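Below, each chain spelled out in residue letters.
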Amino acid sequence: MSCGDVANGAVVVIDEANPGQLKLSETPYDKHVAGVVSGAGGVNPGLTLSQHELLQGGQNVALTGRVYALADATNGPIQPGDLLTTSQVPGHAMKVTDHALAQGAILGKAMSRLESGRGLLLVLVTLQ
């Protein structure tokens, strides 16, 4: 994954085809969810754990904590406290509506609102 490939705030997943690499999420309820690319909305990582060759271009991925993520509310308005998972929209999170499918595919909880469309959402990343 290089800096030009993925936007800040994008939801990323483990890339099965390339061990140790991440890629943009593309599938709803993806159990490979890994985190959110830091830096959107001016929120930068407080702690950086780096391993050279995994993320080029200085990108950091939030594995836990508070970060802005790209979100899609076409699956329903997102309210603070809603569980979030990967969306069919590449790099976006969505509200969990099917809790059975969401097991193992939880990105975290919404900390702000997104009533409709797409936009940045403050997220508490707590992978489950």
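As a starting point, this report considers the structure included with it. (Residues numbered from 1 in each chain as written. Predicted model: local features only at pLDDT ≥ 70, side-chain atom pairs only at ≥ 80, totals over all residues. Heavy atoms only, no water.)

Focus: the overall build of the protein chain
Alright, step 1. Secondary structure summary: the protein chain contains one helix and nine strands in total.
Alright, step 2. Listed by position from the N terminus, the elements making up the protein chain come as β-β-β-β-β-β-β-α-β-β.
Alright, step 3. Buried residues in the protein chain amount to 43% of all 128 residues.
Alright, step 4. Sequence separation of 24 or more characterises 61% of the internal contacts of the protein chain that already satisfy a separation of 6 or more.
Alright, step 5. Within the structure as shown, the protein chain displays about 6600 Å² of accessible surface, and the carbon and sulfur contribution to it stands at 53%. (Helix = DSSP H or I, 4+ residues; strand = E, 2+ residues; numbered from the N terminus. Buried < 20%, exposed > 50% of the residue type's maximum accessible area, 1.4 Å probe, protein only. Contact = heavy atoms within 4.5 Å. Areas by Shrake-Rupley, 256 points an atom, 1.4 Å probe, with all protein chains shown as cover.)

A look at the nonpolar core
Alright, step 1. Counting residues in each nonpolar core, the largest one holds 18 residues, and the members touching the most others are Val36, Ile78, Leu84, Leu107 and Leu121.
Alright, step 2. Of all the elements in the fold, those that place two or more residues in this core are strand 1 (11–14), strand 3 (33–37), strand 5 (64–72), strand 8 (106–110) and strand 9 (118–126).
Alright, step 3. Setting aside residues up to four positions removed in sequence, Leu121 forms contacts with Val67, Tyr68, Ala69, Ala71, Ile78, Leu84, Ala110, Ser112, Arg113 and Leu114.
Alright, step 4. With eight residues, the next largest nonpolar core counts Val12, Ala34, Val37 and Leu70 among its residues. (Core = buried A, V, L, I, M, F, W, Y, C linked by side-chain atoms within 4.5 Å.)

Side note on unusual backbone geometry
Alright, step 1. Unusually for a residue other than glycine, Tyr29 sits at a positive phi of about 55 degrees.
Alright, step 2. By secondary structure assignment, the location of Tyr29 is in the loop between strand 2 (22–24) and strand 3.
Alright, step 3. Given the relative accessible area of 12%, Tyr29 is considered buried.

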